[in-house]
Amino acid sequence: MTASSSALLAIDASGPGCSVALWHGGGMCAARRVVLQRGHAAALMPLVRDTMADARLGWSAVAAVAVTVGPG
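Residues numbered from 1 in each chain as written. Predicted model: local features only at pLDDT ≥ 70, side-chain atom pairs only at ≥ 80, totals over all residues. Heavy atoms only, no water.

Engineer: Explanation requested: the overall build of the protein in the structure shown.
Structural biologist: Each helix and strand in the protein was counted, giving one helix and four strands. Listing each helix as α and each strand as β along the protein from the N terminus yields β-β-β-α-β. Relative to the globule expectation of 11 Å for 72 residues, the C-alpha radius of gyration of the protein, 12 Å, shows essentially globular dimensions. In terms of overall dimensions, the protein has C-alpha extents of about 35 × 20 × 20 Å along its principal axes. For the protein, the residues scored as buried account for 31% of the 72 residues in total. Summed over all atoms, the accessible surface of the protein reaches about 4500 Å², with 58% contributed by carbon and sulfur. (Helix = DSSP H or I, 4+ residues; strand = E, 2+ residues; numbered from the N terminus. Rg over C-alpha atoms; globule rule 2.2 N^0.38 Å. Buried < 20%, exposed > 50% of the residue type's maximum accessible area, 1.4 Å probe, protein only. Areas by Shrake-Rupley, 256 points an atom, 1.4 Å probe, with all protein chains shown as cover.)

Engineer: How should I be thinking about the environment of Gly-39 in this particular structure?
Structural biologist: Looking at the element boundaries, Gly-39 is found in the loop between β3 (27–35) and α1 (40–55). For the pair Gly-39 and Cys-18, spaced 21 residues apart in sequence, the C-alpha separation works out to 9.6 Å.

Engineer: Sorry if this is basic, but what is going on with unusual backbone geometry here?
Structural biologist: For residues that are not glycine, phi is negative in most cases, and the peptide bond is trans in most cases. At Arg-56, a position not held by glycine, the phi torsion is positive, near 60°. Looking at the element boundaries, Arg-56 is found in the loop between α1 and β4 (62–67).

Functional significance is not addressed by these values, which are geometric in nature.
Written out as structure tokens, the structure reads:
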């Protein structure tokens, strides 16, 4: 993966926050975070969709996905 041609999608839903970030072109181009007590699974894909829309990137730009592994 080269920084200028591919994006890294990072997802964290291991704690009270649900976060998504996109790294593309050598830097973070979009990120979103919501704090939830419950409902991470339901909130996650809309959060990913909206973050990708903010970055104006399609799924074909994503070369890798990084996730956290948490206590839940």
